[in-house]
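Each chain is listed here by its residues.
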Amino acid sequence: MSRIQKLTTTLANQIAAGEVIERPASVVKELIENSLDATATKIDLEIENGGTRLIRVHDNGCGIHADDLILALDRHTTSKIKTLADLERIFTLGFRGEALASISSVARLTLTSSVVNQTGWQVKTCTTESLPELNPMAHPQGTTIEIRDLFFNTPARKKFLRTEKTEFAHIDELIKRVALSCFPIQFTLKHNQKLIRHYRAAHSDKEREQRIESLCGSAFLENALHISAETAGLKLSGWIALPTFSRSQADLQYFYVNSRIVRDKLVNHAVRQAYHDVLYGDRHPAFVLFLEISPEQVDVNVHPTKHEVRFRESRLVHDFIYRSLQDALAHIRPGNNTPAITQTMQTFTEIPVKKYDAQAKPLEQFKMPMKVHEQMAVYQQLHADVKIEVQPAPQTDIPPLGFAIGQLKNIYILAENTEGLVLVDMHAAHERVIYEQLKQQIAEKKLTAQPLLVPLTINFSEREAIALENHQGTLQQLSVHIDRLSQTTIVVREVPDLLRDSQIEPLLRDIAADLVQTEKSERIDHFIQHILGTMACHAAVRAQRKLTLPEMNALLRAMENTEHSSSCNHGRPTWTQFSLAELDKLFLRGR
Ligand code: ADP
Ligand code: MG
């Protein structure tokens with residue numbers, strides 16, 4: 001080995017550049033962050049050849065003082081922190097003083113800037129060790145920075161670049177991420193002289209939603225809930241998609257901590273857990289979320305590109321995100337997107353009604369306060385009396401999912417509400433209702449067991465019998481009381497009240513099969529949820545079963561009163577609405 005030498009500044013900078021400047025989009029990220037730190041309200045980007053030929057960023061920020069222009073290009077020069085204490089409370093996106101030095105070591109850089117009431121100045125670097133020169137140059141307040149011929153002197157890096165189109169796509173995605181979080185700032189993006197994006201400044205709620213819509217698509221916004229939650233020192237706001245809008249890729253997930261986009265394991269875990277109950281398999285939730293936290297509570301200096309952060313109170317942050325999202329998801333009920341209807345629900349049960357004898361006893365699980373049943377009965381009679389022109393009942397009487405008008409193929413319930421036709425997948429909906437009831441009863445320790453009149457003996461494979469025996473305690477917590485009688489026989493003595501009318505044997509078979517499959521991998525609470533899901537599925541009315549109108553109506557009312565009831569345990573929708581307008585369209589009927 002040869003003797004130790006000090007690297008030249010350029011080489012040291014080129015090595016440092018390796019960490020942050022991977023491709024044109026990383027240059028754009030650094031430059032835009034500088035413009036944002038300079039409190040610009042308007043940022044214009046021009047790109048040529050996917051950013052390899054030219055990246056020009058023009059902003060109307062505070063500008064750089066003429067005396068600082070050359071300094072700005074040095075490594076470890078920054079206007080954003082002065083002391084170690086400042087590092088503990090970072091309010092800016094940049095603070096490491098490395099970006100301009102790194103960029104100028106791997107490309108040709110021209111920096112022109114002017115502070116308020118001054119004419120501008122310009123520096124150009126040429127990546128030799130000689131000092132860059134400073135020249136006067138007219139410029140409005142703000143900064144323009146031009147990066148040409150990226151990686152011209154580092155051919156190894158250049159080889160890793162993809163096609164012009166791909167590199168531009170990365171830039172486009174980057175601007176999207178920035179635009180999602182910086183609503184009041186206007187962005188334009190040109191590629192090869194063509195205007196590709198123009199994000200107008202968004203100040204009102206409506207304008208913010210428009211920006212979300214243009215960035216994430218209108219389907220996202222239509223299927224998203226706006227949330228806002230706050231606790232001591234933490235605020236979470238943004239949009240989360242309904243479980244039914246889940247995606248096969250994690251490609252619509254944007255999480256910002258103090259306006260900085262992050263990809264954080266802890267955050268991801270909290271979000272996943274909140275959706276755990278409503279998403280099936282490997283579906284991914286979609287969200288745009290902003291966490292605001294006091295800068296002392298988060299360390300942003302753990303990664304050169306600052307994509308990762310570390311929270312001081314990580315458990316607290318995790319639980320806050322988890323709870324806020326879970327709470328929002330739990331409140332998704334039919335009708336809660338339309339406050340007018342939810343409001344009228346209160347008056348609905350108070351209307352004086354006639355007495356009515358339901359011909360069929362509604363399913364046990366659907367037990368509802370009498371008044372609601374009676375109310376439904378009156379509505380049905382109204383329908384029976386007026387055969388031809390059914391006057392729609394006054395809007396205030398109609399609950400969100402309306403009233404059942406019949407059953408289709410013994411699978412779907414058809415109902416009429418104020419908007420038009422409602423179609424309900426009866427098994428999926430009932431499954432969710434029971435699942436939530438079971439969950440709630442367990443949480444409140446109110447799950448009651450029902451001893452079987454005749455204990456049920458079932459034969460299993462030995463492996464299954466062992467698995468069941470091993471989980472006897474867990475099953476007991478769920479009010480399923482079993483004993484192992486022999487190597488291959490299990491006797492079931494008690495089941496939860498809710499399952500009284502269900503077929504116990506197939507249920508136990510499913511549970512045993514799941515136990516054998518997942519025994520080692522699953523955590524106990526996931527496992528309990530899983531069994532609950534299986535129970536709910538078995539307890540729910542099977543498709544192909546004929547329901548009476550009161551039973552159908554009772555299910556509709558139960559759905560309205562159940563958390564998460566718009567999707568089944570596997571994340572599929574349980575009901576859907578066809579508005580009158582949509583129906584009219586089917587028949588080419590103009591109104
Ligand atoms: P950092 O952002 O970490 O401070 P940079 O190398 O990105 O380091 O920038 C160095 C300095 O140059 C910044 O601290 C800032 O003072 C100044 N600067 C860079 N870009 C701009 C800009 N667009 N407007 C105003 N000042 C800028
Ligand atoms: Mg910077």
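What counts, and where the lines are drawn
- Sequence order sets the numbering: in each chain, residues are counted from 1 along the sequence as written.
- For naming, the first written chain is A and the first written ligand is 1, with later ones following in the order written.
- Per-residue local features are limited, in this predicted model, to residues with pLDDT of at least 70; the limit for side-chain atom pairs, both in listing and counting, is 80 or more; totals at the level of whole chains, interfaces and linings are taken over all residues.
- Just so you know, side-chain values use all the structure's heavy atoms and leave hydrogens and water out.
- When at least one non-hydrogen atom of a residue lies within 4 Å of a molecule or strand, that residue is treated as near it.
- Here a polar contact means two N or O atoms within 3.5 Å. Within protein one must be a hydrogen donor candidate and the other an acceptor candidate, and residues neighboring in sequence count only if both atoms are side-chain atoms.
- The Shrake-Rupley method, run with a 1.4 Å probe sphere, supplies the accessible areas, and residue values consider only the shown protein chains as cover.
- Pairing between strands requires that DSSP locate at least two bridges from one strand to the other.
- To qualify as a helix, a DSSP run of H or I must reach at least 4 residues; to qualify as a strand, a run of E must reach at least 2; elements of each kind are numbered from the N terminus.
- Note on geometry: axes are lines fitted to C-alpha atoms, helical ones only across the stretch in contact, with angles between N-to-C directions running from 0 to 180 degrees.
- Among buried residues, those of type Ala, Val, Leu, Ile, Met, Phe, Trp, Tyr and Cys that are joined through side-chain atoms within 4.5 Å constitute a nonpolar core.
- Classification of residues uses two cut-offs on accessible area relative to the type maximum, computed with a 1.4 Å probe and protein chains only: under 20% is buried, over 50% is exposed, and between them is partly exposed.
- Note on contacts: a residue pair qualifies if any of its non-hydrogen atoms lie within 4.5 Å across the two residues.
- Note on patches: the residues involved have over 30% relative accessible area and no salt bridge, like charges join within 9 Å, and the nonpolar side chains Val, Leu, Ile, Met, Phe, Trp and Tyr join within 5 Å.
- Salt bridges are defined by distance alone: a side-chain nitrogen of Lys or Arg within 4 Å of a carboxyl oxygen of Asp or Glu.

**Student:** An account of the site of ligand 1 is requested, with residue identities and associated values reported.
**Tutor:** By nearness alone, 19 residues border ligand 1, and N34, T78, S79, K80 and G97 come closest of all. The separation between an oxygen atom of ligand 1 and a polar main-chain atom of F95 is 3.0 Å. Considered on its own, ligand 1 offers 530 Å² of accessible surface; in the complex 92% of this is hidden by protein.

**Student:** Can you break down the sheet that holds strand β16 (residues 403–408) residue by residue, with the values?
**Tutor:** Read across the open sheet, the four strands follow the order β16-β17-β18-β22; overall the sheet is antiparallel. The open sheet has two free edges, formed respectively by β16 and β22 (575–579), since each of these has just one partner strand. In this sheet, adjacent strand axes meet at a mean angle of 25° when their direction is disregarded. Note that strand β17 (residues 412–416) and strand β18 (residues 420–425) share five bridges and pair antiparallel.

**Student:** Pulling in residues and values, what's your account of the nonpolar core?
**Tutor:** In terms of nonpolar packing, the biggest core is built from 60 residues, with L45 and F220 touching the most fellow members. A per-element tally of this core places helix α6 (residues 164–181) first, with seven residues. Excluding residues within four positions of it along the chain, F220 makes contact with I212, W239, A241, F245, L252, A286, F287 and V288. Listed in part, the 35 residues of the second largest apolar core include I90, V262, A270 and V317.

**Student:** Go over the sheet that holds strand β19 (residues 449–459), please, and point to the residues and values.
**Tutor:** Ordered by their spatial adjacency, three strands build an open sheet running β19-β21-β20, and the pairing between neighbours is antiparallel. Every other strand in the sheet has two partners, leaving β19 and β20 (481–484) as the edge strands with one partner each. Across the sheet, the axes of successive neighbouring strands diverge by a mean angle of 15°, strand direction being ignored. Here β20 runs beside strand β21 (residues 489–496); their pairing, made up of four bridges, is antiparallel. Across the sheet, the residue bridging to R484 is I490, located in β21.

**Student:** Go over a nonpolar patch on the surface, please, and point to the residues and values.
**Tutor:** Together, L7, L11 and I15 make up an exposed nonpolar region whose accessible area comes to about 270 Å². Topologically, I15 is positioned in helix α1 (residues 9–20). Given the relative accessible area of 51%, I15 is considered exposed.

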